[in-house]
Amino acid sequence: MPVVTSAPEPQPGRSGGRLARALVIVIALSIVAWIAPLARHRWIHAVLSFDAIPSAPVELPASRGVQLTPTPHVRVILIDGLSASVAADLPNWRAVCARGAQLVIDVGFPTVSLPVEAELWSGLTQQQSGIVFRSDMPLIPPLHATPSAVPDSRAVAEDHGWIVRSLGFAHTEPLVDPTDVAKDDHVDDWHRVWLAHATAAVTSDAKLVFVHLLRVDTAGHRTGRESPLYQVAAGSADAILGELVAAEPDARWFLLSDHGHTASGGHGGEERELRQVEGCIAGPGVPHVHGGPVHIVDIARSLADSLGVTLVPASRGRVFTAALSAPLRPDQAVPVVPLQRGALAIVIVVAGLALSYLAARKWWLAPWWFVLGVICFIAVYGEPTLSMGIVWAPTGRAMYLTWLPALVLAMLATWIGLRSTATIRVVIAQLALPCAVVAAAITASGSWPLVLGGDIAPIVPHVTAWLSPLVLIAAHGCAAVALAVLARFVRWAFDRHSPPETPRSEPAAS
């Protein structure tokens with residue numbers, strides 16, 4: 001008799017459980033891929049809006065010296081966004097600075113107007129005060145610092161008056177818009193008369209006058225440091241500087257900038273070309289010297305000494321000749337990641353690397369897609385910093401296109417790996433290291449309080465800027481792996497329900 005055989009019977013319990021586990025993994029990864037970009041939006045808002053937890057300042061070289069003597073009239077002109085390379089070619093700037101102390105000034109990190117100017121007038125570094133960004137977010141109440149100790153202090157801003165209104169001056173112009181503390185009142189009228197008001201302030205009997213010019217920074221944001229528009233704006237600012245100094249030649253003048261601009265436009269990061277600016281002090285009692293880099297809090301000390309005002313005890317600002325005799329090392333003004341946070345971040349990365357290795361067991365199943373994604377980003381944009389517009393891009397679509405080949409690689413590795421490896425092992429192999437790197441960046445930048453709902457700005461050199469692309473790379477990687485898992489098990493589910501084979505007859509044994 002012939003023996004009739006058929007295909008093996010499916011095992012519903014086992015196959016159904018396997019499919020259910022796969023669906024749970026797909027749903028979990030999809031949720032992560034959806035939540036992570038939203039968390040990045042909160043990160044952007046936090047960095048731009050909140051203050052940081054105050055911490056220790058950078059240590060400046062110790063030295064002894066002599067302070068500047070008080071003087072009846074102190075005048076400060078700050079050209080916002082003026083890069084050192086451009087300042088060196090401005091004729092009026094050069095002429096005034098040639099009469100006194102010409103300095104390279106390191107403004108610290110981040111390179112943003114309000115935090116740097118808060119350093120200038122308080123003598124506290126950004127890390128000490130926690131004022132680290134605040135985009136269009138004035139200080140309310142204003143800073144209690146050097147200008148507050150000078151009863152008739154005056155500040156005049158060409159534009160964005162919320163900056164000078166945050167610094168504690170007794171009198172500030174322009175007036176605030178009654179409907180929005182970040183806006184100026186009657187902007188068009190003010191632009192026509194602001195220079196006359198600045199000249200009147202400079203020639204007044206006020207002991208301290210601060211004039212803030214914004215046009216160079218505006219041009220830098222629009223077209224970059226190398227553009228003709230930036231050069232024209234710098235030239236017109238220099239002409240205004242010449243007029244103001246000529247109107248009060250006997251005052252002690254401080255000519256300053258708060259940060260530079262990148263060639264393509266932008267600032268905020270730790271780049272040396274942004275941190276280190278030209279500045280000078282000229283007038284009665286100031287020797288003709290060259291020096292630096294000095295820290296912006298050293299200038300704060302010279303301002304306070306010129307006005308006969310005492311800075312808060314926590315200030316690290318050094319007296320004039322002490323700062324000149326002990327210049328900073330090139331990057332000494334950049335704060336470092338705290339040791340404990342840095343060590344913990346390294347441990348997290350090592351743990352993620354170990355998990356990926358143990359789960360993969362095969363070299364091709366390692367998360368090479370993540371490495372490729374990071375390389376693609378650096379190849380197109382360079383190392384991320386807070387000066388790069390792409391770091392702040394709300395949707396991240398441009399970055400997504402940058403590492404699209406890496407996502408294809410993630411899907412292929414997952415698809416092939418699922419042929420012979422358990423689903424959970426494949427997922428761990430592909431995602432443990434990327435997720436660990438993101439967690440390490442969160443740790444090193446001090447972002448966990450933000451993740452847990454706190455209102456802080458997690459700003460650390462290098463690490464904070466890396467968070468933006470890393471979060472998106474990991475999120476998109478989760479989505480790619482989820483799609484591959486879903487595709488593999490949809491195919492498997494359909495194959496499982498294919499029609500049974502037609503019974504075959506086998507010849508009976510002889």
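For the structure, see preceding data.
Every chain begins its residue count from 1, and numbering advances along the sequence as written. Reporting of local features is limited, given that this is a predicted model, to residues whose pLDDT is at least 70; pairs of side-chain atoms are given and counted only at 80 or more, and all residues count toward the totals for whole chains, interfaces and linings. Side-chain numbers come from the whole structure's heavy atoms, not from hydrogens or water.

### Some details on helix α14 (residues 368-381)
Part 1 of the argument: A helix here means a DSSP run of H or I that spans at least four residues, while a strand means a run of E at least two residues long, and both kinds are numbered starting from the N terminus. The span one expects for a helix is its residue count, reduced by one, times 1.5 Å. Here α14 spans 20 Å end to end across 14 residues, near enough to the 20 Å set by a 1.5 Å rise per residue.
Part 2 of the argument: Burial status follows relative accessibility: with a 1.4 Å probe on protein chains alone, a residue under 20% of its type maximum counts as buried, one over 50% as exposed, and anything between as partly exposed. All buried positions along α14 are accounted for by Trp369, Phe370, Gly373, Val374, Cys376 and Phe377. The buried residues of α14 occupy an angular sector of 155 degrees when projected down its axis, which confines them to one face.
Part 3 of the argument: Phi turns positive, to about 85 degrees, at Gly382, one or two residues after α14. The directions considered for the arc run from the helix axis to the C-beta atoms.

### Re the nonpolar core
Part 1 of the argument: Note on terminology: a nonpolar core comprises buried Ala, Val, Leu, Ile, Met, Phe, Trp, Tyr and Cys residues joined through side-chain atoms within 4.5 Å. Among the nonpolar cores identified, the biggest contains 68 residues, and Leu29, Trp43, Trp392, Trp403, Ile459, Leu470 and Val485 are the most heavily contacted of them.
Part 2 of the argument: If you list the elements that add at least two residues to this core, you get α1 (12-49), α13 (339-360), α14, α15 (389-392), α17 (404-417), α18 (423-444) and α20 (463-496).
Part 3 of the argument: When residues of this core are assigned to their parent elements, the largest contribution, 16 residues, is made by α20.
Part 4 of the argument: Contact criterion: two residues are considered in contact whenever any of their non-hydrogen atoms come within 4.5 Å of each other. Those residues in contact with Leu470, other than ones at most four positions away along the chain, are Phe370, Val374, Val437, Val438 and Ala441.
Part 5 of the argument: Residues Leu120, Ala157, Val294 and Ala333 belong to the second largest nonpolar core, which totals 49 residues.

### Concerning the sheet that holds strand β10 (residues 276-282)
Part 1 of the argument: We call two strands paired when DSSP finds no fewer than two bridges between them. Strands sit in the order β5-β4-β8-β2-β9-β10-β3-β11 across an open sheet of eight strands; the sheet is mixed. Each of the sheet's edge strands pairs with one partner strand only, and the pair in question is β5 (171-173) and β11 (289-295). Along the sheet, successive strands turn relative to each other by an average axial angle of 15 degrees, direction set aside.
Part 2 of the argument: Inspection of the sheet shows strand β3 (residues 101-106) paired to β10 by six bridges, in the antiparallel sense. Paired with Val104 across the strands is Glu278, a residue of β10.
Part 3 of the argument: Sitting on the sheet, helix α7 (residues 187-202) touches β2 (74-79), β4 (154-157), β5, β8 (208-213) and β9 (252-256), and the angle it makes with β4 is about 150 degrees.
Part 4 of the argument: Inter-axis angles, ranging from 0 to 180 degrees, are taken between N-to-C directions of lines fitted to C-alpha atoms, where helices are fitted over the stretch in contact. Strand contacts of helix α11 (residues 296-307): β2, β3, β8, β9, β10 and β11, with the helix running at about 115 degrees to β11, the strand carrying the most contacts.

### A few points about the state of the cysteines
Part 1 of the argument: Whenever a pair of cysteine sulfur atoms sits within 2.5 Å, that pair is classed as a disulfide. In the structure shown here, the tally under the stated rule is one disulfide.
Part 2 of the argument: Here Cys97 pairs with Cys280 through a disulfide, and the sulfurs are 2.1 Å apart. The disulfide joining Cys97 to Cys280 has a torsion of about -70 degrees about its S-S bond and is therefore left-handed. Here the residue Cys97 occupies a position in helix α3 (residues 91-97), and Cys280 occupies one in strand β10, the gap between them amounting to 183 residues.
Part 3 of the argument: With relative accessibility at 3%, the residue Cys97 sits in the buried group.
Part 4 of the argument: Residue class for Cys280 comes out buried when judged on its relative accessible area of 1%.
Part 5 of the argument: Residue Cys435 stays outside any disulfide, its sulfur separated by 4.7 Å from that of Cys478, the closest cysteine.
Part 6 of the argument: Judged by relative accessible area, Cys435 falls into the partly exposed class, the value being 37%.

Nothing here speaks to function; it is geometry throughout.
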